[in-house]
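# Structural overview
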Amino acid sequence: MTFDGQFTLLVVGLMLVALVFELLDPDAILFTALGSLLLIGVITPAEALAGFANQGMLTVALLFIVAYGIKSSGSLEFFADRIMGGGKGLRRRALLRMMIPVSFLSAFLNNTPIVAMFAPAVAEWARRHRLPPSKYLIPLSYSAILGGVCTLIGTSTNLLVNGMIIDIGGRSLGLFELAKVGVPCAIVGLIYILTIGYSILPDRQKSQDVINDHDYHFEMRVLEDAPIIGRSIAKAGLRHLNHLYLSEIVRGDNVVAPVKPNEILAAGDRLCFVGIPDGIPQLRRISGLVPIEEKNWLITHRDAHGGIIEAVVSHSSPMLGKTIKEGNFRSRYDAAVLAVRRHGERIRRGIGGITLKPGDTLLLLAGGDFKTRWGGSRDFYLINKVSEFPVVDNKKSLIAFGAMIIMVLLAAFGIMDIFRAATLAVLVLLISRAVSVVEARRSLELNVLIVIAAALGISQALTKSGAAQYLASGLLDLVSGWGALGLLAAIYLGTTIMTEVITNNAAAALMFPIAWSAALKGGFEPLPFAIAVAVAASTSFATPIGYQTNLMVYGPGNYRFTDFLKIGLPLNLLVMTTAIAAIYLGWNL
């Protein structure tokens, strides 16, 4: 192998290590790897920048705008709030009512806004009917993932792989060409979730450790002139609270726990509560009690009553790696952080000193326009205002859904390719002002687009340097004697392992040139092997970090890492077996 090939493998190896250990954000890691390959001369500037003009990447960007148009209309949230039913009868019936439409919608829309809209409604529905949200939020994410592999536009990974096929000289996939693999996988996966998976899912409401894992832990402060000073806990109205209980009092260097009903309150006491957001309005009615780092309950003059909001920190938030105080969260978002929940971990430090990580669930006291201003931003995965009723813009819903339906029909009947159809849909949204130019710009998830574009350049380096052919030869030697089925299984397994530990788009871009080269060397039609890469990279179930929607429900569902392993690993194996069989038989390998 040449020096270029050896250097490319070294860079890719170091990149994988950096991604696994999250040394930097994925877009920064891949861009650094791409820059290294460019500077050494493995690829030319034109080849390095080719990913930024790739049709698949640009289609993903256009679909972000289409998805935003539908999300901002409020229709998905309105739909989600009603879809679960009345909570009577079998719990699995409500689960089925949720999974089928979510899977269908995910086949035509980016699954991130779908999960963002459904998750708060599903969690609230579960709490209202005294059911554990943990039984419904992982299925929400999984059903969105399964629906995404049914069409070309279902996931960004499908479009990325299609773009690489076009770049290498192959034909573009049809809109529903993936359906003969995706639909069987979706059916098998949904049946598993509805039966075995539902039994495996944790029921946190019945767990004795609900205090540590299910609820928020947050602190309030007794003001110096508070009328409750000198009163007992019981007389101050802190004894029998709905959805909350007082776990301890921090008084100077002393901690009072457990807290007895006759404990007398003093000025400056820090009261530590455990509970869910629904209970916080009760505390606002107790005079002299305020959030630990706030002077009062008021946020701004625009909204003296504010609102209690849950928000999940995204991978692209500018607050990552900063403490709440360092990032000026209060002034940046016009919201005060009341509590932080990190996958069941109790964070024992002051709110201002907490360093935020992706997936952290924040409990916020926010101004009335917080959801409007930040609901479509890349800073948060989902935002849920406690007890808020969704508002639907009928005109915007009609335009947004109409644009999406036209886009799908044009692509499905071959009148336009998906890139042109998506371009038309975006033009309709902009010209009709269903989406403003500012909103369109804000809807673009630049971190995802940079990952895709940089990964395409790295994929080009693997092919040009001969590294992909070298790895393909090794893969063929490994499965020699097993034929097309053995090679297909090896490629799928390698991709699915990689996508669980790094980003799905990076996994697809790295495995694609290896799969294509191995198929050609083995004398097989390469398209089915490319499809195996797309499906494997799009179906990550075993870890919360493997796919964005898994991370979105991680905190709100009060899950542990092992919960995803228990239910997701069998599902990974089941979907892998189904996909390999469908590809092998569907393309007569």
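For the structure, check the block above.
## So, the packing of aromatic side chains
- Summed over the entire model, instances satisfying the criterion amount to 13 aromatic pairs.
- Taking the centre distance of 6.5 Å and the plane angle of 70° together, the rings of Phe329 and Phe380 count as edge-to-face. Taken together, the residues span a long stretch of sequence, with Phe329 in helix α13 (residues 329–333) and Phe380 in strand β9 (residues 380–385) at a distance of 51 residues.
- When its relative accessible area of 5% is taken as the criterion, Phe380 is described as buried.
- Ring geometry for Phe512 against Trp516: centres 5.4 Å apart, planes inclined by 35°, an arrangement best described as tilted. One end of the pair, Phe512, and the other, Trp516, are both in helix α21 (residues 504–522), four residues apart, so they sit about a helical turn from each other.

## Here's the deal with the environment of Asn54
- Relative to the helices and strands, Asn54 resides in the loop between α3 (45–49) and α4 (55–72).
- Between the C-alpha atoms of Asn54 and Ala453, which are 399 residues apart in sequence, the distance is 7.5 Å.
- Among the polar contacts listed, one links the side chain of Asn54 to the backbone oxygen of Gly163, at a separation of 3.4 Å.

## Comments concerning the pairing of strand β8 (residues 361–366)
- Across the six residues of β8, six count as buried, placing the element largely inside the fold.
- Where burial is concerned, the two faces of β8 agree: the one with Thr361, Leu363 and Leu365 and the one with Leu362, Leu364 and Ala366 are both buried.
- As paired strands, strand β7 (residues 335–341) and β8 are joined by six bridges and run antiparallel to one another. Opposite Ala335, over in β8, you have Ala366 as the bridge partner.

## Considerations on the environment of Ile405
- Here Ile405 shows up in helix α15 (residues 394–412).
- In this structure the C-alpha to C-alpha distance between Ile405 and Ala425, which are 20 residues apart in sequence, comes to 9.0 Å.

## Thoughts on the sheet that holds strand β2 (residues 244–251)
- The strand order across the open sheet formed by five strands is β3-β2-β4-β1-β5, and the pairing between neighbours is antiparallel. Across the chains shown, the open sheet's two edge strands, defined by having one partner strand only, are β3 (254–256) and β5 (289–291). Strand-to-strand, the axes of this sheet are offset by a mean angle of 30°, without reference to chain direction.
- For strand β1 (residues 216–222) and strand β4 (residues 270–275), the ladder comprises six bridges, and the chain directions are antiparallel. When the sheet's bridge partners are listed, His217 is paired in β4 with Val274.

## Focus: the side chain of Ser517
- Here Ser517 lies in helix α21.
- Classification of Ser517 by relative accessible area gives buried; the value is 12%.
- Apart from the residues within four sequence positions on either side, Ser517 is in contact with Ala468, Gln469 and Ala472.

## Regarding the environment of Ser134
- Assignment of secondary structure puts Ser134 in the loop between α7 (111–128) and α8 (137–148).
- Sequence separation of Ser134 and Val553 is 419 residues, and the distance between their C-alpha atoms is 9.0 Å.
- A polar contact of 2.7 Å, which involves the side chain of Ser134, links it to the backbone oxygen of Pro202.

## Side note on the packing of α8 against helix α10 (residues 179–200)
- Closest axis-to-axis distance for the α8/α10 pair is 9 Å, and the angle between their directions is 170°. When the axes of α8 and α10 are compared, the pair comes out roughly antiparallel. Contact with α8, carried on its side by Pro139, Tyr142, Ser143 and Leu146, involves Cys185, Ala186, Gly189, Leu190 and Ile193 of α10 and no other residues of that element.
- Looking at the contact of α8 with α10, its residues break down into seven nonpolar, two polar and no charged.

## Some details on the layout of surface pockets
- By volume, the largest pocket is sized at about 990 Å³.
- If you go around the largest pocket, you meet 42 residues; those closest to its centre are Pro26, His315, Tyr381, Ile545 and Leu551.
- Of all the secondary structure elements, the ones that give two or more residues to the lining of the largest pocket are α2 (26–40), α7, α18 (446–465), α21 and α23 (548–554).
- Looking at which element gives the most residues to the lining of the largest pocket, the answer is α23, with four residues.
- Split by residue class, the lining of the largest pocket holds 18 nonpolar, 17 polar and seven charged.

Cut-off values and rules
Residues numbered from 1 in each chain as written. Predicted model: local features only at pLDDT ≥ 70, side-chain atom pairs only at ≥ 80, totals over all residues. Heavy atoms only, no water. Phe/Tyr/Trp six-rings, centres within 6.5 Å; stacked < 30°, edge-to-face > 60°. Helix = DSSP H or I, 4+ residues; strand = E, 2+ residues; numbered from the N terminus. Buried < 20%, exposed > 50% of the residue type's maximum accessible area, 1.4 Å probe, protein only. Polar contact = N/O pair within 3.5 Å; in protein donor to acceptor, adjacent residues only side chain to side chain. Pairing = 2+ DSSP bridges. Axes fitted to C-alpha atoms, helices over the stretch in contact; angles between N-to-C directions. Contact = heavy atoms within 4.5 Å. Parallel < 35°, antiparallel > 145°, perpendicular 65-115°, else oblique. Nonpolar A, V, L, I, M, F, W, Y, C, P; charged D, E, K, R; others polar. 1 Å grid on protein atoms, 1.4 Å probe; cavity = no way out; pocket = protein on both sides within 12 Å on 5 of 7 lines; lining within 4 Å. Points joined across faces, edges and corners; volume = space filled by probe spheres on them.

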